[in-house]
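Below, each chain spelled out in residue letters.
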Amino acid sequence: WQPAAMTFVLFTLAIGWSAISTPLTNTLNAIGQINKTLKLMVMWTLLDWGLTPILVHFWGFNGVALATFLISFTSILPIYYVRKTIELNVWESVWRQLFAAIIMGTVGGLLIPVWSRNLLFMFVGMILSGLIYLLFLFGIGREKVLAEVRSLKKK
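Residues numbered from 1 in each chain as written. Predicted model: local features only at pLDDT ≥ 70, side-chain atom pairs only at ≥ 80, totals over all residues. Heavy atoms only, no water.

Q: Just checking my understanding: could you explain the packing of aromatic side chains for this structure?
A: Each aromatic ring pair is specified by the distance between its two centres and by the angle formed by the two planes. Under the criterion given, the structure shown has 5 aromatic pairs. Plain terms: the ring middles of Phe99 and Phe136 are 6.3 Å apart, the flat faces sit at 65° to each other, and that makes the pair edge-to-face. Here Phe99, found in helix 5 (residues 90-110), pairs with Phe136, found in helix 7 (residues 119-154); they are 37 residues apart in sequence, far enough to count as distant. According to the relative accessible area criterion, Phe136 is partly exposed, its value standing at 36%. Three or more aromatic residues joined by ring pairs form one cluster here, namely Trp17, Phe69 and Phe73. (Phe/Tyr/Trp six-rings, centres within 6.5 Å; stacked < 30°, edge-to-face > 60°. Helix = DSSP H or I, 4+ residues; strand = E, 2+ residues; numbered from the N terminus. Buried < 20%, exposed > 50% of the residue type's maximum accessible area, 1.4 Å probe, protein only.)

In structure tokens form, the structure reads like this:
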């Protein structure tokens, strides 16, 4: 599994951008900006087809993850397009989760020597890391989390 560690990290970091860009791409569709969505999709496809073979040539299978990671930064474009049409505060929507994830990652990373002892410790580490995330998220954004849960219950 160790050769795949870099791939895992790069894909994980790229996920953060897609968590923001996917709903915003859907927002563009919902407000009638289909042409902008089409242009974004074509751009992402061309970047994927262009960068991936080149990076695979130089970095092997890690090149796929590197290409995905680099392309993920273009996800700032949906933010720009949506902001031109409606008021949007991305930072307000993501800072709590980002902070909790950084704390969770730091604690999890510092305790890797413990988690890597055996399978039981690894599972305990996974559960503990998840609980740390939830505790910090709830600690800094209790009202926001509860409001989101209430809004889901209404549906």
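Q: Hey, could you run me through the layout of surface pockets in this one?
A: Over the atoms, a rolling probe the size of a water molecule traces out where space has been left empty. By volume, the largest pocket amounts to about 1500 Å³. The calculated volume of the second largest pocket comes to roughly 250 Å³. The wall of the second largest pocket is formed by 17 residues, among which Ser18, Ser21, Ile71, Ser72 and Ser75 lie closest to the centre. At the level of elements, helix 1 (5-30), helix 2 (34-59) and helix 3 (62-72) are the ones that each hand at least two residues to the lining of the second largest pocket. In terms of residues, the lining of the second largest pocket owes the most to one element, helix 1, which gives 8 residues. (1 Å grid on protein atoms, 1.4 Å probe; cavity = no way out; pocket = protein on both sides within 12 Å on 5 of 7 lines; lining within 4 Å. Points joined across faces, edges and corners; volume = space filled by probe spheres on them.)

Q: Would you take a moment to explain the nonpolar core for this structure?
A: If you look at the biggest cluster of nonpolar residues, it comprises 9 residues: Ile20, Leu24, Leu28, Leu40, Trp44, Ile71, Ile79, Val82 and Val90. Residue assignment for this core shows that the elements contributing at least two residues are helix 1, helix 2 and helix 4 (76-85). Of all the elements, helix 1 adds the most residues to this core, at 3 residues. The contact partners of Leu40, leaving out residues within four places of it in the chain, are Leu28, Leu77, Pro78 and Tyr81. Within the second largest apolar cluster, 6 residues are counted, among which are Leu10, Leu55, Ala67 and Phe69. (Core = buried A, V, L, I, M, F, W, Y, C linked by side-chain atoms within 4.5 Å. Contact = heavy atoms within 4.5 Å.)

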